Amino acid sequence: MKLSTKFFAAIAVTSIMISCSGDAQKQQNGKATSGIDDPYKEILSKYNTDIPTKILTPDVVETEMLGTLNFYDGMPTNETVQKVYDNLDFMRGIDVFLNFIPMASVESMRTGLVSIGADDYNKVAYFADLLDSRALFLTGNSTTVYATSFINLKKDGVMVMEIPAGAGPGTIDDAYFRFIVDMGAPGPDRKQGGTYVILPPDYKGDLKPTPNTFKDNHSVKAMIGGEERDVWIAQSRTYSNWVILRGFLVDGKPEPAAKMWRDGLKIYPLAQANNPKKMEFINISGKEFNTIHANNFEFFEEISNVINREPLEFLDPELRGQLAGIGIIKGQPFAPDSRMKRILTESVKVGNATARSLSLLPRNPKAYLYEDSYWFAGFIGDDYRWLDLDGHRGRNMDARTAFFYSATVNTPAMALKIPGVGSNYAFGSRDNDGNILKGVNNYKLHIEADVPAKDFWSIVVYDPQTRSELQTDNLFPNKNNKRDKLIYNEDGSVDLYFGPTAPKGKEINWIQTVPGKAWFVLFRLYGPLQPWHDKTWQLNDFELVK
């Protein structure tokens, strides 16, 4: 993997050079740890017994990050106390930003849908004419027909969802973007449709969650509106929950999937099963709206809103403690003073830079799909909880941040390795020399024949600023092997082109980019087959066309 062998090797060499330079300087001065300038000599003279210096603190401590820290016999001076407390609040602000991106993201999705009229469970926003680049939607695609809504289990109690047969991947995630249940193709109904029951976090009734996996898909009997049905049951840890469904194109057209949602999707409270509200479907194709969290101080206000709406127990004490450390506490207003607001504003700047780096150029070698390649996985570690599967490292928080900064929908289906089931994604943000993909340049991507996707594959170009579809003269900056009449090579491979102008005679294989802007892509496989999982089929890197 090029990044680890080139990029980080250079960092390591630089660090060694700095260290060696520092050691040489100490030897030249001859004053580091002996003689009259020994920082511990005066301290040790005050003791009657031998004291190990490793437990002592000199009166003057030089640091790279905070500069000089002063002490009097181990007691920090007022200046030092202020400096380290400012730094502590700064670090806690960064931790909150990185660890609560999932929460801020799903909350921004909720408020974004409210802004275009989808403000109740029966109001489903759907892209009947596909998602285009006018909507700010984290790495959304224009090759499936999204249908989405929010359910409020505190207001409406136990909820019922009827999923039509033929539905593609569907998921419900909670207010911290934790997985609740899959539906449709990767869910227990296995694309045959069925009824799902969602329980609130404080539910005390007789209904019990079912396994709800593709492999273990047994259902149970439950009474729905006086009728006994086979249902799958899941329970959320939060009141607010995001429903996101996908329908596949038929002959390259979205209308069959849009009609499937209008005719077959039903959402209603169990208590109102006999007389549910009429479903409303809001076509949001072509609308301009934002579903992306803030990267400034407003981020913390978004988080505070969620904390005050959800039950206390939906977060563990460790995470609640992080929030409390910067003044976000359930039942209390978030009102930082001018000092704290200034520090948290700085925290967001550094947190945002960190999240961007983790998401768009990961340093984890395990993120990269192949040796000597810049393609990397968005779902690092193959676990939807971001738990390290060897059991030794705990939760990979960097991988979680990397995913949610640029993507949405948390589901085990993203890591499924059952051939032909679920979906897998690959991120590309560099060319084969490790350089940023720039809109002013022209690039070629050679895709080998026999792409291992049972359903279809697609590639979409995104804007690194918004992590949404790149806005160009074409509202749909993507290619799809089922919809687009691509020109293939004799061996079945295909060359795609990216740049500000189309190569003559190959316009159908071209995606426009914008001079002065960078870009990155997601390569998607729906129904990935075994050659993708075992990497006997691989993606090539982008090549700069000179």
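Whatever comes next refers back to the structure up there.
Here is what the cut-offs are and how they apply
Residues numbered from 1 in each chain as written. Predicted model: local features only at pLDDT ≥ 70, side-chain atom pairs only at ≥ 80, totals over all residues. Heavy atoms only, no water. Helix = DSSP H or I, 4+ residues; strand = E, 2+ residues; numbered from the N terminus. Rg over C-alpha atoms; globule rule 2.2 N^0.38 Å. Areas by Shrake-Rupley, 256 points an atom, 1.4 Å probe, with all protein chains shown as cover. Pairing = 2+ DSSP bridges. Axes fitted to C-alpha atoms, helices over the stretch in contact; angles between N-to-C directions. Contact = heavy atoms within 4.5 Å. Core = buried A, V, L, I, M, F, W, Y, C linked by side-chain atoms within 4.5 Å. Buried < 20%, exposed > 50% of the residue type's maximum accessible area, 1.4 Å probe, protein only. Parallel < 35°, antiparallel > 145°, perpendicular 65-115°, else oblique. Left-handed = near helix turned anticlockwise from the far one by under 90°. Nonpolar A, V, L, I, M, F, W, Y, C, P; charged D, E, K, R; others polar. 1 Å grid on protein atoms, 1.4 Å probe; cavity = no way out; pocket = protein on both sides within 12 Å on 5 of 7 lines; lining within 4 Å. Points joined across faces, edges and corners; volume = space filled by probe spheres on them. Salt bridge = Lys/Arg side-chain N within 4 Å of Asp/Glu carboxyl O. Phe/Tyr/Trp six-rings, centres within 6.5 Å; stacked < 30°, edge-to-face > 60°. Lys NZ or Arg CZ within 6 Å of the ring centre and 35° of its normal. Polar contact = N/O pair within 3.5 Å; in protein donor to acceptor, adjacent residues only side chain to side chain.

Student: What is the right way to read the overall build of the protein from this model?
Tutor: When helices and strands are tallied, the protein shows eleven helices and 24 strands. In terms of C-alpha radius of gyration, the protein reaches 27 Å, essentially the compact-globule figure of 24 Å for 546 residues. Its C-alpha atoms put the protein at 85 × 65 × 40 Å along the principal axes. With the model as given, the accessible surface of the protein reaches about 25500 Å², and the carbon-plus-sulfur share is 52%.

Student: How should I be thinking about the sheet that holds strand 17 (residues 442-447) in this particular structure?
Tutor: Pairing between the strands of a sheet comes from backbone hydrogen bonds, and it takes one of two forms, parallel or antiparallel. The mixed open sheet is built from four strands, whose spatial order is 22-21-17-24. Because the sheet does not close on itself, it has two edges, and the strands there are strand 22 (510-512) and strand 24 (543-545). The average angle at which neighbouring strand axes cross in this sheet is 30°, direction not considered. Pairing between strand 21 (residues 494-499) and strand 22: three bridges, direction parallel. The partner of G499 across the bridge, within strand 22, is Q512.

Student: I keep staring at the sheet that holds strand 3 (residues 75-76) and nothing clicks. Help me out?
Tutor: Taking strand neighbours across the sheet as the criterion, the three strands line up as 1-2-3 in an open arrangement whose pairing is antiparallel. What marks the edges here is a single partner per strand, and that holds for strand 1 (60-63) and strand 3. Of the strand pairs in this sheet, strand 2 (residues 67-72) and strand 3 are connected by two bridges, and their pairing is antiparallel. Each residue of the ladder has a partner; that of Y72, found in strand 3, is M75. Sheet strands touched by helix 3 (residues 78-99): strand 2 and strand 3. Its angle to strand 2, the strand with the most contacts, is close to 130°.

Student: Got a minute to help me understand the nonpolar core in this structure?
Tutor: Core analysis: the biggest nonpolar cluster contains 70 residues, and F100, M103, W242, F300, I303 and L315 have the highest contact counts within it. Counting residues per element, this core draws most heavily on helix 4 (residues 101-115), at six residues. Counting 41 residues, the second largest nonpolar core, distinct from the first, contains Y121, I224, V231 and M260.

Student: I'm lost on the packing of helix 4 against helix 10 (residues 397-406) in this one. Help?
Tutor: Any two packed helices are characterised by the angle at which their axes cross and by the distance between the axes. Close contact between helix 4 and helix 10 brings their axes to 9 Å; oriented N to C, the two are set at 20°. By the angle between their axes, helix 4 is roughly parallel relative to helix 10. The element helix 4 and its partner helix 10 pack so that their crossing is left-handed. Every residue of helix 10 that contacts helix 4 at I101, P102 and S105 is listed here: R400, T401, F404 and Y405. Class assignment for the residues of the contact of helix 4 with helix 10 results in four nonpolar, two polar and one charged.

Student: Would you mind showing me how to read the layout of surface pockets here?
Tutor: Empty pockets left among the atoms are what a rolling probe the size of a water molecule brings to light. If you add up the space inside the largest pocket, you get close to 680 Å³. Around the largest pocket, the lining comprises 31 residues; the ones closest to its centre are K366, F379, I380, G381 and D382. Listing elements by their share of the lining of the largest pocket, those giving two or more residues are strand 16 (423-428) and helix 11 (530-533). A breakdown of the residues in the lining of the largest pocket according to their chemical character gives 15 nonpolar, seven polar and nine charged.

Student: How should the environment of I101 be read in this particular structure?
Tutor: When you line up the elements, I101 lands in helix 4. Measuring from C-alpha to C-alpha, the distance between I101 and F299 comes to 8.7 Å, with 198 residues separating the pair along the chain. Apart from the residues lying within four places of it in its own chain, the contact partners of I101 are H293, F299, A355, T401, F404 and Y405.

Student: Is there a simple way to think about the pattern of salt bridges in this case?
Tutor: Opposite charge on two side chains lets them pair, provided their charged atoms get close. By the definition in use, this model includes 24 salt bridges. The closest approach of N and O atoms between R309 and E310, which form a salt bridge, is 3.5 Å. For K517, the salt bridge goes to D463, with nearest N and O atoms at 3.3 Å. Here K517 is found in the loop between strand 22 and strand 23 (520-528), whereas its partner D463 is found in strand 18 (residues 453-463), with 54 residues between them in sequence.

Student: Please explain empty space enclosed by the protein as it appears in this structure.
Tutor: Under the criterion given, the structure shown has four cavities of 30 Å³ or more. Around the largest cavity, the lining is made up of 15 residues, and of these T139, Y146, R246, T408 and R524 lie nearest the centre. For the lining of the largest cavity, the per-class residue count stands at nine nonpolar, four polar and two charged.

Student: Please explain the pairing of strand 10 (residues 220-224) as it appears in this structure.
Tutor: Look at any regular strand and the pattern is simple: side chains alternate between the two faces of the sheet. Judged from the five bridges that link them, strand 10 and strand 11 (residues 227-235) form a sheet pairing that is antiparallel. Bridge pairing links V220 to V231 in strand 11. Between strand 10 and strand 11, which pair antiparallel and follow one another directly, the connecting turn spans two residues, one of which, G225, has a positive phi of 60°.

Student: I'm lost on the pairing of strand 21 in this one. Help?
Tutor: Along strand 21, six of the six residues are buried, which leaves the element largely enclosed by surrounding structure. Residues of strand 21 alternate between two faces, with V494, L496 and F498 on one and D495, Y497 and G499 on the opposite face, all of them buried. Alignment of strand 17 against strand 21, held across five bridges, turns out to be antiparallel. Note on strand 21: the bridge partner recorded for L445 is L496.

Student: Where do I start with the packing of aromatic side chains in this structure?
Tutor: Working definition: an aromatic ring pair is given by the centre-to-centre distance plus the angle between the planes. Inspection of the entire model under this criterion finds 34 aromatic pairs. Between F177 and W242, the ring centres sit 5.7 Å apart and the planes meet at 85°, which makes this aromatic pair edge-to-face. Here W242 lies in strand 12 (residues 240-248) and F177 lies in the loop between strand 7 (169-174) and strand 8 (179-184), a separation of 65 residues in the sequence. W242 matches F177 in its accessibility class, with the two residues each being buried. Measuring from centroid to centroid gives 5.5 Å for W386 and F403, while their planes differ by 45°, and the two rings are tilted. With a gap of 17 residues between them, W386 in the loop between strand 15 (376-377) and helix 10 and F403 in helix 10 connect regions that are remote in the sequence. In terms of burial, W386 and F403 fall into one category: buried. In this structure an aromatic cluster arises from ring pairing among F177, W242, F379, W386, F403 and F404. The side chain of R190 reaches across the aromatic face of F214, ending 5.0 Å from its centre. Residue placement shows R524 over the ring face of Y425; its charged tip is 4.8 Å from the ring centre.

Student: Even after reading the chapter, I still don't get the side chain of E469, so can you show me in this structure?
Tutor: Mapped onto the elements, E469 comes out in strand 19 (residues 468-469). At 2.6 Å, the side chain of E469 forms a polar contact with the side chain of S142. With sequence-adjacent residues up to four places away left out, E469 is seen in contact with L131, D132, S133, G140, N141, S142, V460, V461, Y462, D463, L475 and P477.

Taken by themselves, the reported measurements are silent on function.
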